Amino acid sequence: MTYQYRLNPTSEQASTMEGWGELLRRHWNYALGQRLDWLHRTRCRIDRCSIVCEPIGDISEKVDYYTQASELRQTKKLFPEYKSIYADCQQQNLMRLDKAWKRWFLPDKTGKRGGRPRFKKRGDICSFTFPRVNNAKAGAHLGGNILKLSKIGQIEVVLHRPIPDGFAIKQATLVKKADGWYVSFSLEDGTVPEPLPVDKVNASVGIDVGLEKFLATSDGQAVKIPQFYRKSQRRLARQQRQLARMEKDSKNYHRQSNKVARLHLHVARQRKEFHYQVAHWLCSQYDLIAFENLNIKGLARTRLGLSILDAAWGSFLNILTTVAVKRGKWAIGDDPRGTSIECSGCGGRVKKTLKDRVHDCPHCGLVIDRDWNSGINILNRVQRTLGLAFAGCGGYSATSPMRQQFSIVRLGSPFYTRKG
């Protein structure tokens, strides 16, 4: 669990932290250059020689985290400015590079690999980590609302919410955003919430995400899509036009660039808050939440890509899964194929185009909203997988008594009918 708080550093402390970020960026680039040089010198085809270039000189030993970490002492002798950086922060910087390097070479569980690590431009590294907090050898100590950092000093923390009792602070990461500095505390608790037993699941729901409605549930409710980016697009375009007219790297350019970054940050925070509200609303009403495992990257390459990225389904489903685990609920994904064309009443297949928003089954006469029908099918599939009883149609449930900052509409009477 991660809690993030705003910092109120002095101008000197902010300048020091920015200087650390620049030095860590240079060290990243040098360490990455070492790794790439070793890679180029040790990789060649055994049956031919390159007609472009060939490396000359001695081939160095394999470069990894341990060899580069052992050179930190020599780096401080050659470049004394690195003595002002806390040693653990430099090691964490090398650990980040090592993780990115391994992600490039070693595939994950799905067989996919990450891209090649890149050299960082000025300002790209805007965070650094203190791996230990509140112990004898730690470089960061939190007491009340004061965060004491080694070689930086005491910084006031805006504790807008208390740290939960029983949680230990494992590490602190300082992050610079468009509107100032923040600290992210990684918290650990030994207790693990036990999920609700499957046989005690009472309320279940299937959700179908979309662009006309953010999501539709299997019991006939829908959440309106907010379109935060679309609503800010005109204002953002105006600010970006002003930025394009300014001389690059001038003071006015950096000031206007910060305005653009603040606007993007505001949109991202609106979207994240909305996702958390919807996730908590679902988890407060239902014990089991079924959703689709969509190929969002593939969908984002279509002509509706901007609207799909604005809705941020992937981010929402990750938040929903996290909230469900914390509250001991179930959030399970299923294969999305066929959920839109399959009839939830009789199981027949009714082909539709994207513009067809109503499911009209010629076999059983069911007329229902398209997204509502998909939500019922998703729920039935997950319940069938878990061995639970499932129904062929959805029902209504009362809305949560908690305060909601988003709009919920009914998909009821105008759509749900049965011919004959």
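Data block above holds the structure.
Residues numbered from 1 in each chain as written. Predicted model: local features only at pLDDT ≥ 70, side-chain atom pairs only at ≥ 80, totals over all residues. Heavy atoms only, no water.

Q: Please set out the pairing of strand β8 (residues 204-209) residue by residue, giving values where relevant.
A: Along β8, six of the six residues are buried, which leaves the element largely enclosed by surrounding structure. Where burial is concerned, the two faces of β8 agree: the one with Ser204, Gly206 and Asp208 and the one with Val205, Ile207 and Val209 are both buried. Taken together, the three bridges between β8 and strand β11 (residues 288-292) define a ladder with parallel strand orientation. Bridge pairing in β11 links Gly206 to Ala290. Two successive antiparallel strands, β8 and strand β9 (residues 215-217), enclose a turn made up of five residues. (Buried < 20%, exposed > 50% of the residue type's maximum accessible area, 1.4 Å probe, protein only. Helix = DSSP H or I, 4+ residues; strand = E, 2+ residues; numbered from the N terminus. Pairing = 2+ DSSP bridges.)

Q: Just give me the short version of a positive patch on the surface, but keep the residues and values in it.
A: A contiguous patch of positive charge on the surface is contributed by Arg234, Arg235, Arg238, Arg241 and Arg245. Secondary-structure assignment places Arg238 in helix α5 (residues 228-244). Exposure remark for Arg238: the relative accessible area of 38% places this residue in the partly exposed category. (Patch = residues over 30% accessible without salt bridge, like charges linked within 9 Å, V, L, I, M, F, W, Y side chains within 5 Å. Areas by Shrake-Rupley, 256 points an atom, 1.4 Å probe, with all protein chains shown as cover. Salt bridge = Lys/Arg side-chain N within 4 Å of Asp/Glu carboxyl O. Lys, Arg positive; Asp, Glu negative; His and termini not counted. Charge placed at Lys NZ, Arg CZ, Asp CG, Glu CD.)

Q: I'd like to hear about the environment of Glu22, residue by residue, with values.
A: Locating Glu22 in the fold gives a position in helix α1 (residues 11-42). Using a relative accessible area of 12% as the deciding quantity, one classes Glu22 as buried. For the pair formed by Glu22 and Asp124, sequence separation is 102 residues and the distance between their alpha carbons is 8.7 Å.

Q: Please provide a residue-by-residue account of unusual backbone geometry, values included.
A: Where the residue is not glycine, phi is negative for most of them; where a peptide bond is considered, it is trans in most cases. Look at Asn134: it is not a glycine, yet its phi comes out positive at around 60°. Take Asn134: it is sitting in the loop between β2 (127-130) and β3 (140-143). Since its relative accessible area comes to 40%, Asn134 is described here as partly exposed. With a phi close to 55°, Gln227 is a non-glycine residue in the positive phi region.

Q: So what about α5? Which residues, and what values?
A: Taking 1.5 Å of rise per residue, the 17 residues of α5 would be expected to cover 24 Å, and the 23 Å separating its terminal C-alpha atoms lies within 8% of that figure. Looking at the buried positions of α5, the neighbouring elements they touch are α6 (251-285) and α8 (305-311). (Expected span 1.5 Å × (residues − 1). Contact = heavy atoms within 4.5 Å.)

Q: Which residues make up the sheet that holds strand β4 (residues 146-149), and what are the values?
A: The strands that make up a sheet are held in pairs by hydrogen bonds between backbone atoms, and each pair lies either parallel or antiparallel. Reading across from one edge, β2-β6-β7-β1-β5-β4-β3 is the order of the seven strands in this open sheet, with antiparallel pairing throughout. Edge strands, defined here as strands with exactly one partner in the open sheet, are β2 and β3. The mean angle between the axes of side-by-side strands here comes to 30°, regardless of whether they run parallel or antiparallel. Against the sheet, helix α4 (residues 87-105) makes contact with β2 and β6 (168-177), and its axis sits at roughly 115° relative to β2, the strand it touches most. (Axes fitted to C-alpha atoms, helices over the stretch in contact; angles between N-to-C directions.)

Q: Which residues make up the nonpolar core, and what values go with them?
A: Within the largest apolar cluster, 43 residues are counted, with the highest numbers of intra-cluster contacts made by Phe128, Phe130, Leu147, Leu174, Val183 and Phe185. Listed in part, the 28 residues of the second largest apolar core include Ile207, Phe228, Trp313 and Ala324. (Core = buried A, V, L, I, M, F, W, Y, C linked by side-chain atoms within 4.5 Å.)

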